[in-house]
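# Breakdown of the fold
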Amino acid sequence: MNKQVRVRFAPSPTGYLHVGGARSVLFNFLFAKHCDGKFILRIEDTDTVRSTREFEEMQKQDMLWLGFRWDEGPELDGQGHGDFGPYRQSERREIYRTHVDRLLDMGLAYFCFCTDEELAQKKEAAMKAGRPPQYDGKCRHIPPAEAKMRLQAGEKAATRFWIKSQKKYILRDLVRGEVEFQEGMVGDFVILRSDGMPVYNFCCVVDDHLMEITHVLRAEEHLSNTVRQLMIYEAFGWEIPEFGHMSVVLGPDKQKLSKRHGATSVNDYRLQGYLPEAINNYIALLGWSSPDGREIIPLNEMIKLFTLDRVNSSPAVFDFVKLKWMNSVYLRSMSHQVLWHQLEPLLKADGQNFSDLTPEWIDHAVGSLKTSFETLTEGVAAFKPLSDGAFELSPEAEEVFKWPTTKSVIEEWINSLKAPGNPFLSEAEFGVIQKQIQTDRSVKGKEFFQALRVAIVGKPHGTELKSLVTLLTRKKLIARAEKALAKA
Ligand code: GLU
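Residues numbered from 1 in each chain as written. Predicted model: local features only at pLDDT ≥ 70, side-chain atom pairs only at ≥ 80, totals over all residues. Heavy atoms only, no water.

This part is about the overall build of the chain. In terms of helices and strands, the chain carries 20 helices and 13 strands. In terms of overall size, the chain is more extended than a compact globule, its C-alpha atoms giving a radius of gyration of 32 Å where 488 residues would be expected to give roughly 23 Å. Considered along the principal axes of its C-alpha atoms, the chain spans approximately 105 × 55 × 40 Å. For the chain, the proportion of its 488 residues judged to be buried stands at 48%. (Helix = DSSP H or I, 4+ residues; strand = E, 2+ residues; numbered from the N terminus. Rg over C-alpha atoms; globule rule 2.2 N^0.38 Å. Buried < 20%, exposed > 50% of the residue type's maximum accessible area, 1.4 Å probe, protein only.)

Following this line, the structure appears as structure tokens:
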């Protein structure tokens, strides 16, 4: 029987969740769910200087916002979670200690007393001589008893992994195919620092083994670590999981994606009014494609379709315009009610208020405006002219008031609105009024529309009037027009 698939996302909580990290979460999640496996979250916080609980919390919040709940990992909904914990490396130090001791006992690790200065000098000398800057193995031959005495006497030592024989390693990577690591690429490397902190490559292997991880799916930048990790698996005689290294994400200029290119953290996108569904869908296409070439694929369908053989090894280029377009596709496919529900708190936060809210109004307003925005934030701007108290005359209106026709157009507009009728104008009624005023006042389209815009939104340009006039009551339209006239 095949083993149950167990994959993990293992972020270091030293910053926000980046889109590259989000892609790692997504691919691990999709693969786990596709295979009926487990998706595990492990916090790699051994870098005590750069790791913080705040960043851990923020990354977890971003994961949950995107819809990725972990099957095992640090607390979720206030509860500890899973049988392979603790899931924070800072809480597993004893485990690493015992495993370092095992390697020392097997003669596959040794204490290194070289100081940082000494190591830096050796490195420089090696580089000058054109040799790879690897550790020269000086402390290998310190007898263990002597090393213990020096430690007891208070000397500081790191623990190094002892590469007994150099050889070539071949990795059959699920994404990149066969990857060769030539012999001699790596020298004896530190697994436990002199301050007692274990090093990433070591913790990662110990945890992946003890947590029974079957597939390690992570970013390509970790490929160079993999050879060290393979050596550690070999030293312990542990089964090696499958590896899949996902290609780098580049900006439009083909340089590694960075802040310089635009928003790169999931949180930035959330604040800019992007939907998690759109982000997930877009990010999936950074290195994966569906068998039928479709681009708009909701998460539950992606789970069914996701296989690693469709993950591409060439670099993915992040296309900000396409992400925004995809966001608009998801926005527009929502029911008006649901979209309003998403907008409502943002409109409130923006100080917008709508005194004529009815389900019909919401349906009509969202329906009329939704094609004019691609993100929720743009949606907030689109609703602004409808908000109570939003009317303000802009200095640009002065130019329009200089035209001899403006005042009389607005006056007639007010009179037409005062005629008996439904509280809201229909588009057809507006059409009739427009024709009437243009004939009565002998004005062209430009003079009519700019005068009316000034009377409705306070400035001569902006949202299309046709839909706007049907979303404000006659009463409100009159009040705005009178306010404009008073300033004329
Ligand atoms: N903590 C590593 C990182 O954040 C994880 C590497 C891995 O997945 O093995 O990049």
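The discussion continues.
Moving on, we get to the packing of aromatic side chains. Evaluation of the coordinates by the stated rule reveals 21 aromatic pairs. Ring geometry for Trp340 against Trp361: centres 6.2 Å apart, planes inclined by 85°, an arrangement best described as edge-to-face. You can see Trp340 sitting in helix H12 (residues 336-349) and its partner Trp361 sitting in helix H13 (residues 359-369), a full 21 residues away along the chain. Across this residue pair, the class does not change: Trp340 and Trp361 are buried. Clustering of aromatic rings is evident, with ring pairs tying together Tyr269, Tyr274, Tyr282, Phe318 and Phe320. (Phe/Tyr/Trp six-rings, centres within 6.5 Å; stacked < 30°, edge-to-face > 60°.)

With 98 residues, the main nonpolar core has Phe39, Phe318, Trp361, Phe383, Leu386, Trp413 and Ile456 as its most contacted residues. Of the residues forming this core, the biggest block, nine residues, is contributed by helix H1 (residues 19-34). When neighbours within four sequence positions are excluded, Phe383 is seen to be in contact with Trp340, Leu343, Leu347, Gln352, Phe354, Trp361, Ala365, Val366, Leu369 and Phe373. Judged by nonpolar contacts, the second largest core, of 46 residues, contains Tyr96, Phe161, Val186 and Val205. (Core = buried A, V, L, I, M, F, W, Y, C linked by side-chain atoms within 4.5 Å. Contact = heavy atoms within 4.5 Å.)

Here we come to the domain arrangement of the chain. What the domain assignment reports for the chain is domain 1 (6-73 + 249-317), domain 2 (92-246), domain 3 (334-386) and domain 4 (397-487). Distance from the C-alpha centre of domain 1 to the C-alpha centre of domain 2: 28 Å. The interface of domain 1 with domain 2 comprises 18 residues on the first partner and 21 residues on the second. Roughly 1,800 Å² is buried in total at the junction of domain 1 and domain 2, and carbon and sulfur atoms are behind 57% of that figure. At the surface where domain 1 touches domain 2, the tally comes to four salt bridges. Taken together, the links from domain 1 to domain 2 amount to seven residue pairs in polar contact (both at pLDDT 80 or more). Top element by residues in the side of domain 1 that touches domain 2 is H1. It accounts for five residues. The residue makeup of the side of domain 1 that touches domain 2, split by class, is six nonpolar, six polar and six charged. (Domains from an automatic or database assignment. Buried area = accessible area lost by both parts, 1.4 Å probe. Salt bridge = Lys/Arg side-chain N within 4 Å of Asp/Glu carboxyl O. Polar contact = N/O pair within 3.5 Å; in protein donor to acceptor, adjacent residues only side chain to side chain. Nonpolar A, V, L, I, M, F, W, Y, C, P; charged D, E, K, R; others polar.)

Of all the five residues making up strand S10 (residues 215-219), five are buried; the element is thus mostly covered by neighbouring parts of the structure. The sheet contact formed by S10 and strand S11 (residues 242-246) spans five bridges and is parallel. Counted as the bridge partner of Ala219 is Met246 from S11. Taking the sense of rotation as the criterion, the β-α-β connection linking S10, helix H7 (residues 223-236) and S11 turns out right-handed. (Pairing = 2+ DSSP bridges. Right-handed = clockwise from strand over helix to strand, strands pointing away.)

With that out of the way, let us pick up the pattern of salt bridges. Under the criterion given, the structure shown has 41 salt bridges. The shortest N-O distance in the salt bridge between Glu91 and Arg53 comes to 3.5 Å. Within this pair, whereas Glu91 is found in the loop between strand S4 (79-81) and helix H3 (93-105), its partner Arg53 is found in helix H2 (residues 53-66), the two being separated by 38 residues in sequence. By relative accessible area, which is 40% here, Glu91 ends up partly exposed. As a salt-bridge pair, Glu180 and Lys168 come within 3.5 Å of each other at their nearest N and O atoms. Of the two residues, Glu180 is situated in strand S8 (residues 177-181) and Lys168 in the loop between strand S6 (158-161) and strand S7 (169-173); the sequence distance between them amounts to 12 residues.

A few words on helix H17 (residues 427-441). A rise of 1.5 Å per residue sets the reference length of H17, with its 15 residues, at 21 Å; its end C-alpha atoms lie 21 Å apart and thus fit the reference within 8%. Inspection of H17 places Phe430, Ile433, Gln434, Ile437 and Gln438 among the buried residues, and these make up the whole buried set. All buried residues of H17 lie within an arc of 130° about the axis, which places them on one face of the element. Facing away from the buried side of H17, by more than 90 degrees, are the exposed residues Ala428, Val432, Lys435 and Thr439. Taken together, the buried residues of H17 touch helix H16 (406-418), helix H18 (445-457) and helix H19 (465-468). Downstream of H17 by a residue or two, Ser442 has a phi angle that is positive, lying close to 45°. (Expected span 1.5 Å × (residues − 1). Arc of directions from axis to C-beta.)

Between H16 and H18, the shortest axis-to-axis distance is 9 Å and the interhelical angle comes to 65°. Remark: the crossing between H16 and H18 carries right-handed chirality. Every residue of H18 that contacts H16 at Thr406, Val409, Ile410 and Trp413 is listed here: Phe448, Ala451, Leu452, Ala455 and Ile456. (Axes fitted to C-alpha atoms, helices over the stretch in contact; angles between N-to-C directions. Left-handed = near helix turned anticlockwise from the far one by under 90°.)

On to the sheet that holds S6. Sheet strands associate in pairs through backbone hydrogen bonding, adopting either a parallel or an antiparallel arrangement. Spatially, three strands are ordered S5-S6-S9 in an open sheet, and the strand pairing comes out antiparallel. The open sheet terminates on both sides in strands that have one partner only, identified here as strand S5 (109-112) and strand S9 (190-192). With strand direction ignored, the average angle separating the axes of adjacent strands in the sheet is 45°. As paired strands, S6 and S9 are joined by two bridges and run antiparallel to one another. Within the sheet, the bridge partner assigned to Thr159 lies in S9 and is Leu192.

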